[in-house]
Amino acid sequence: MSNIGSYDERYSKFDWKISIDELEYGKNGMYNIGYYCSDRIVEKGFGDRIALIWQGFKGDVKEFTYNDIRVYSNVIAKFLKDNGVKSGDRVCIFMDRIPELYITFVGILKMGGIIQPLFSAFGEEALFTRLDDAKTKAIITTRKHAGKVRRIRERLPALEKVIVVDAEGQNLKPGEIAFNMETSKPVDSFESEKVGPEAPSVLHYTSGTTGKPKGALHVHSSIIAQYLTAKWVLDITTDDIYWCTADPGWVTGTSYGIIGPWACGVTQTVLDSGFSTEKWYQFIEKHKITVWYTAPTAIRLLMKDGTNLVQKYDISCLRHLISVGEPLNAEGVIWSEKAFGKPFHDSYWQTETGSIVITNYPGMKVKPGSMGKPFPGITATVLDQKTFEPIKTPGKVGLIALKPGWPSMFRAYWENKEMYESKFKNGWYICGDRSSIDGDGYFWFVGRDDDVINTGGHLVGPFEIESALLEHEAVAESAAVGKPDAVNMEVVKAFVALKPGYEANADLELSIMNFIRKKLSPLAMPQEIEFVESLPKTRSGKIMRRLLRAKEWGQEIGDVSTLEND
Amino acid sequence: MTEDIKNLIIEYVKKEYLEEDAEEEVNENTPLISSGIVDSFSMVSLKTFLEKKFNIKIPDEKATPEAFDTVNNIMNLLKEFNVT
């Protein structure tokens, strides 16, 4: 029997109070997520339970109990306070997937800081844009990534503290602070900041079509949704060994790579290694993983290596599989039934929703290729693109929209009220994706409603890439679009017109690719560059990105005259 | 010749994928993909470099994380294209 039981029954009788009661959320005035992910589990008598099994790429393993998480997060919280970081200050985590990342996350919450998790593969310009926007006060990083911070620090007057967790005092520059979680004096008692349920907790940056990336601000009471979705959708119990493959630089890696599982008191695993099919199967076999939350891109890479490789390993321990990041095609679901004897359950949500909102549930019939049905407590529909009224006709495509009010919904874009308000129409939150709903109430993903590129489950904004491209000495104008890719769903393709005196050739292509990779991130790096004489533009001079994208997808370009007037 | 190619690739990896003040050492057996020095997206730029440098076309099915995981593995891949 799954945790959710009957979906229909849960949906019809739902109240978020179920989660509040189970968590005892707000008892003694405590709303801090940090407390619920550590101290509370220890108070319940499970301090000796393993909270984190971490494995490095060389195969080295470290384990941390819930009591370890409690004490080490206390150490971090106290250290930050002692160093002048105050409740409400933004504190960036900029590290690979090492244990300190996960435990620091809890520590920052405990002292009342607002966490700004950033993907460690970000280049210095991507890092600068986000730290500058959030006026981040402190960044916690490692020696490996400190160089990127050093090169931009002078441009960041608000950044007072650079904390390096693996430095032990050596190789630091003036103004940087060495900190070692494990060798610091243990802090057995630290009272988590008594924040309110609406106090900000996590600030996740996400990309849009236009403008700079924006910070989606979440609050402590988001845990009400993250806990219950982890329990009902991921179906985790305290007997499970859970693996979320997402990096905590992105929302899946925090909502379901830290908050959800630890609020449930489950043992979770982390593999800090690049992708390799064999390594992944070895990891599942070695740690007897039972619940696995991964991404369609990874599933498609596993598919490429076939089912024979699966047979080499005893991974019969797996009991529930879930997928997120981009729509999981029907082939992926069917293949996983063949390879693992069970289907992947697609789940849909985004940075702004904070938790899973539409998904396939354990025990509910999976329609391969479908996103599933709304989580209990979530009112979801598709809206007509012109009237913003709900579409009643099954199979008709519209904008995915949610009724605001679920606990983990973002509360703002950081200092960007106008952008936040633009996401709501007719009393609905507009997700920016298109889908249809069939006669049984299942949602079917169609595509995004904007130019944002979804590559390997990560959203990349074309504007940020185009701005960076223009900084390359040879580039006169550019456009970035998503082009279809068998593994990543989309990859970035750039159209580039060169300045006079530059010649289009393979050397220049590689130079531009590496320029973007280092400046922004590997995700933003164009996987293909097409050199063009000029780019198609509207009468007002705006580049017709949609036209270029349509060509890549083999879609009808339609009436170009309307685009020209955009 | 083989040593020259090997060194060329090692130097390229150091220059393009490591920070200027990086403490990591890169030799022919250093894991590149599994260690995260080169991630799966960046692998495309490494592939483009090899294709351009040696005037070859590596098909996607041969550009696997395993084939790119060490410089020695890359050397084995290049042998298939008679680059030695």
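Above: the structure in question.
Let me sum up the structure you'll find in this document. (Residues numbered from 1 in each chain as written. Chains lettered and ligands numbered in written order. Predicted model: local features only at pLDDT ≥ 70, side-chain atom pairs only at ≥ 80, totals over all residues. Heavy atoms only, no water.)

## Some details on the overall build of chain A
We apply this condition: Here a helix means four or more residues in a row that DSSP labels H or I, a strand means two or more in a row labelled E, and each is numbered from the N terminus. All radius of gyration figures rest on C-alpha atoms, and the globule criterion is 2.2 Å times the number of residues raised to 0.38. Each residue gets one of three labels from its accessible area relative to the maximum for its type: buried under 20%, exposed over 50%, partly exposed in between, using a 1.4 Å probe on protein chains only. Every residue pair with non-hydrogen atoms within 4.5 Å of one another is taken to be in contact. In this description, accessible areas are obtained by the Shrake-Rupley approach with a 1.4 Å probe, and a residue is regarded as covered only by the protein chains that are shown. Positive: Lys, Arg. Negative: Asp, Glu. His and the chain ends are not part of the count. Where a charge lies is defined by one atom per residue type: Lys uses NZ, Arg uses CZ, Asp uses CG and Glu uses CD.
Counting its regular elements, chain A contains 19 helices and 27 strands. Its C-alpha atoms give chain A a radius of gyration of 23 Å, near enough to 24 Å, the size a compact globule of 566 residues would have. When its C-alpha atoms are laid out on the principal axes, chain A stretches across 65 × 60 × 50 Å. Counting over 566 residues, chain A shows a buried share of 62%. A separation of at least 24 residues holds for 68% of the contacts in chain A among residues at least 6 apart in sequence. Accessible surface computed for chain A: about 21,200 Å², of which carbon and sulfur atoms make up 49%. Within chain A, the 73 negative side-chain charges are centred at a point lying 2 Å from the centre of the 68 positive side-chain charges.

## Description of unusual backbone geometry
Residues and elements named next belong to chain A. Despite not being glycine, aspartate 235 shows a phi value in the positive range, around 65°. Locating aspartate 235 in the fold gives a position in the loop between helix H9 (223–232) and strand E10 (241–244). Even without being a glycine, phenylalanine 388 presents a positive backbone phi close to 60°. Residue position: phenylalanine 388 is located in the loop between strand E17 (380–383) and strand E18 (398–402).

## Focus: the packing of helix H17 (residues 506–519) of chain A against helix H2 (residues 43–54) of chain B
Applicable threshold: Interaxial angle, 0 to 180 degrees, is taken between N-to-C directions of lines fitted to C-alpha atoms, where a helix line uses only the stretch in contact. When an angle is under 35 degrees it counts as roughly parallel; over 145 it counts as roughly antiparallel; between 65 and 115 it counts as roughly perpendicular; any other value is oblique. Crossing handedness is read from the near helix: turned anticlockwise from the far helix by less than a right angle, it gives a left-handed crossing, and turned clockwise, a right-handed one. Classification convention: Asp, Glu, Lys, Arg as charged; Ala, Val, Leu, Ile, Met, Phe, Trp, Tyr, Cys, Pro as nonpolar; all other residues, Gly among them, as polar.
Look at H17(A) against H2(B): their axes get within 10 Å of each other, and the N-to-C directions meet at 160°. Classified by the angle between their axes, H17(A) and H2(B) sit roughly antiparallel to one another. Of the two possible hands of crossing, H17(A) and H2(B) adopt the one that is left-handed. In this structure, H17(A) uses A:Ala506, A:Asp507, A:Leu510, A:Met513, A:Asn514 and A:Arg517 to contact H2(B), whose residues at the interface are B:Val44, B:Ser45, B:Thr48, B:Phe49 and B:Lys52. Here the residues of the contact of H17(A) with H2(B) are counted per class, giving five nonpolar, three polar and three charged.

## A short note on the interface of chain A and chain B
Rules: Simply put, the buried area is the total loss of 1.4 Å probe accessible area from both parts when two parts are fitted together. Pairs of N or O atoms are called polar contacts if they sit within 3.5 Å, as long as, within protein, a hydrogen donor faces a hydrogen acceptor (for residues adjacent in sequence, only side-chain-to-side-chain pairs).
With 29 residues of chain A in contact, the opposing surface of chain B contributes 24 residues. For the pair chain A and chain B, the summed buried surface comes to about 2,200 Å²; carbon and sulfur atoms form 52% of the total. At the surface where chain A touches chain B, the tally comes to ten residue pairs in polar contact (both at pLDDT 80 or more). Listed by contribution, the elements that provide at least two residues to the side of chain A that touches chain B are helix H8 (143–152), helix H11 (277–287) and H17 of chain A.

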